[in-house]
Amino acid sequence: MTHMDFSHPYFGVFVMFVLTFTAFILTVYLARVISRKIARLNTEKLKVSLYECGPEVTKQPNTISVQFYLMALLFILFDIEIIFMFPWAVDFKVLGWFGFIEMILFIVILTIGFIYAWKKGALEWHSIK
């Protein structure tokens, strides 16, 4: 007696998905190995040299402010929460008072989170100096 059921209608799709995923990973890995072998790594002097005229190039760390990530995270969070309101609006009459109270509770929790983020300064864009 076996627990494997190969007669499921989507088994072939699953096998194709696994094979495609494996082929993708192998292709990316192979491209990475080949590009590291071929790439010229001695171009640092050329990158910081002057081109015709201008100030001398100083190497600075390329950092992105954490504020950018926080703002993007908050945008996605509030955007997804707004998306949850569309199915509720479609089935508003079916859900009745229970659905209305649930949505009011959801909006209150969302508002508390928004006020918390606002008070912590997460919605203010700080200048990078």
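None of the values given here were measured: they were computed from a predicted structure.

Visitor: Please set out the confidence of the model for the protein residue by residue, giving values where relevant.
Guide: For the protein, the average pLDDT comes to 81, and 75% of its residues sit at 70 or higher. When pLDDT is averaged over each helix and strand of the protein, the minimum, 66, is found for helix 2 (residues 44–47) and the maximum, 93, for helix 1 (residues 11–38).

Visitor: Outline the packing of aromatic side chains, supporting the account with residue identities and numerical values.
Guide: Geometrically, a pair of aromatic rings is defined through the distance of the ring centres and the angle of the planes. This structure, assessed with the given rule, holds six aromatic pairs. Their ring planes at 70° and their centres at 5.6 Å tell us that Phe68 and Tyr69 sit as a pair that is edge-to-face. Taking relative accessible area as the criterion, Phe68 reaches 43% and is therefore assigned partly exposed. Measuring from centroid to centroid gives 5.6 Å for Trp97 and Phe100, while their planes differ by 90°, and the two rings are edge-to-face. Of the two residues, Trp97 and Phe100 both sit in helix 5 (residues 92–119), three residues apart, roughly one turn of that helix. For Phe100, a relative accessible area of 32% corresponds to the partly exposed category. Following the ring pairs from residue to residue traces out a cluster consisting of Trp88, Phe92, Trp97 and Phe100.

Visitor: Can you tell me about the UniProt feature "transmembrane region" (unreviewed entry) in the protein, naming the residues and giving the values?
Guide: Per the UniProt record, "transmembrane region" (unreviewed entry) is found at residues 12–31, 68–89 and 95–118. Across residues 12–31 one finds 100% helix and 0% strand; the C-alpha atoms that close the span lie 28 Å apart. Secondary structure within residues 95–118 divides into 100% helix and 0% strand; the distance between the first and last C-alpha atoms comes to 32 Å.

Basis of the calculations
- Residues numbered from 1 in each chain as written.
- Predicted model: local features only at pLDDT ≥ 70, side-chain atom pairs only at ≥ 80, totals over all residues.
- Heavy atoms only, no water.
- pLDDT = per-residue confidence, 0-100.
- Helix = DSSP H or I, 4+ residues; strand = E, 2+ residues; numbered from the N terminus.
- Phe/Tyr/Trp six-rings, centres within 6.5 Å; stacked < 30°, edge-to-face > 60°.
- Buried < 20%, exposed > 50% of the residue type's maximum accessible area, 1.4 Å probe, protein only.
- UniProt positions renumbered as here; feature names shortened; annotations may be inferred.

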